[in-house]
Structures are given as C-alpha cells and as structure tokens.
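# Results of the structural survey
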Amino acid sequence: MTRLARCVERSRSQLTTFFSIAILPTTSGDYASYLFPLVLLVATPIWTPPPEDWIKINCDVKVGGDSMCIVALARDLSGAVVWAATSFLNFSDPLIGEAAACHLALDTTRLRNHDYVLVESDSDVVIKALKGLHYIWNIDNYVSLCNQLSNYFLSCNFSFISRVCNFAAHNVARWAFAQNFTDVMESSCIPVSILCNDRDV
C-alpha cells in the first residue's frame, strides 16, 4: 500500500469514528437543541399538610453563643398550628440540636396523646440516623430515645424536608430564642407573622 493510500485510509477511519460519536442534527429543531441550553422547569418545594388524623411536626434549632433553642411545631390536616414546644440546651452543636428537637417533638406528642405522627427535619443526617440508615455517635443517645418513643404511637414516620419548607419552625425557634421562652404553647401564643412557610422573618 502506498503512502497516499495509507493516509486516505487513516483519514477515512478517523472520519467514521468522528461521525459515529458526533451525530449531527437532521432538523431545525435539532439544531436549536445544540445551540441553546436545555431549560428545565424545577418546581419549588412546598410544605404539605399531614393526612387526616395525623399530626406533622417540623423541628428546628436556633444556635446562639453557648446555648441553643430547639423547637417542635405541630400542625394538622388544615395546616393550622396545634401547638409548639421549645426548650433551651446549654451548649451549642447544631447537629445535636436537630436530633434533640426531634426528641422534643416525640416526647411532647406522646404527652398530648396523638396516635399518628410525622416528624420532619431539615437535617438529612439526623433523619437518616433516625431511620437507621447510618450511625452518628454524637447523636446516638437522642436517636435511641426517639426510637423508644416511636413505639408509643400507632404509626410514627421520620422525613427530611428542605430548608425552604421549614421556615415556620425556623422562625419560631428564632423568636423563642430571642424571648428566652421554654414551654409548650398553644398557637394563640405565637405571633401570626412568623408562622409563614415561604420566608425567613
């Protein structure tokens, strides 16, 4: 084979490889997809109420200095606040605070005689630990307590919720921290302006 023939053969092989990898568009619509980025419509997550007969409790923590305020905010099928529980811890570790808030949620729910409970937290680490998906040594005590308390209910579920859906619990935690408030309170005790699901106040 001559040198020219070898060059032609190599070029033909490279072109075949190129065209098999880069499939060229065949219609004007195909050209547009190559020229313009694909636009994806992503739905913004929203807080959803629990099923009938269930109580949904959103948990959060406000850390400040050497202490933190944990909160459990309970709502019903209509989305109305049924109660909120807050407590202070004299140390500051956000992960432990998130786990402690879940424990506060279950303990308060048990004392209020609810049968069906859904606990939500924006800490994916805590929720996975509560579901037994992984072990985190520094929250293991709270995880064990939550698992024990879950046996008091006919049904108890743990669920991760995006931070953008947990604003109401976050706002109550900030408010309770600023007011130095520790107690279980009815909805009438909580300023209506902070019970919003869509923004930080």
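Residues numbered from 1 in each chain as written. Predicted model: local features only at pLDDT ≥ 70, side-chain atom pairs only at ≥ 80, totals over all residues. Heavy atoms only, no water.

Turning our eyes to something else, we now look at the nonpolar core. Membership of the largest hydrophobic core comes to 33 residues, with the highest contact counts inside it found for I57, L106, V117, L130 and F158. Among the secondary structure elements, those contributing two or more residues to this core are β1 (54–64), β2 (67–75), β3 (81–89), α3 (94–111), β4 (116–121), α4 (124–130), α5 (140–150) and β5 (155–160). In terms of residue count, the dominant contributor to this core is α3 (eight residues). Not counting residues within four places of it along the chain, the set of residues in contact with L106 comprises V117, V119, C146, L149, F153, C156 and F158. (Core = buried A, V, L, I, M, F, W, Y, C linked by side-chain atoms within 4.5 Å. Buried < 20%, exposed > 50% of the residue type's maximum accessible area, 1.4 Å probe, protein only. Helix = DSSP H or I, 4+ residues; strand = E, 2+ residues; numbered from the N terminus. Contact = heavy atoms within 4.5 Å.)

Our next topic: unusual backbone geometry. Keep in mind that most residues, glycine aside, have a negative phi and that most peptide bonds are trans. Unusually for a residue other than glycine, D53 sits at a positive phi of about 75°. Positionally, D53 belongs in the loop between α2 (28–35) and β1. Judged by its relative accessible area of 62%, D53 falls in the exposed class. Look at N180: it is not a glycine, yet its phi comes out positive at around 55°. Mapped onto the secondary structure, N180 falls in the loop between α6 (167–179) and β6 (183–186).

The subject of this paragraph is the sheet that holds β2. What the six strands build is an open sheet, ordered β5-β4-β1-β2-β3-β6; its pairing is mixed. The open sheet has two edge strands, β5 and β6, and neither has a second partner. Averaged over all neighbouring strand pairs, the angle between strand axes comes to 20°, with direction disregarded. Note that β3 and β6 share four bridges and pair antiparallel. Bridge pairing in β6 links A84 to M185. Across the face of the sheet, α6 comes into contact with β1, β2, β3 and β6 while running at roughly 135° to β2. (Pairing = 2+ DSSP bridges. Axes fitted to C-alpha atoms, helices over the stretch in contact; angles between N-to-C directions.)

The end-to-end C-alpha separation of α3 is 26 Å, in line with the 26 Å expected for 18 residues at 1.5 Å each. Within α3, 13 of the 18 residues are buried, which leaves the element mostly enclosed by the surrounding structure. Between a side-chain oxygen at the N-terminus of α3 and the backbone nitrogen of L95 the separation is 3.1 Å; the capping residue is D93. Just past α3, the residue N113 takes up positive phi, approximately 60°. (Expected span 1.5 Å × (residues − 1). Polar contact = N/O pair within 3.5 Å; in protein donor to acceptor, adjacent residues only side chain to side chain.)

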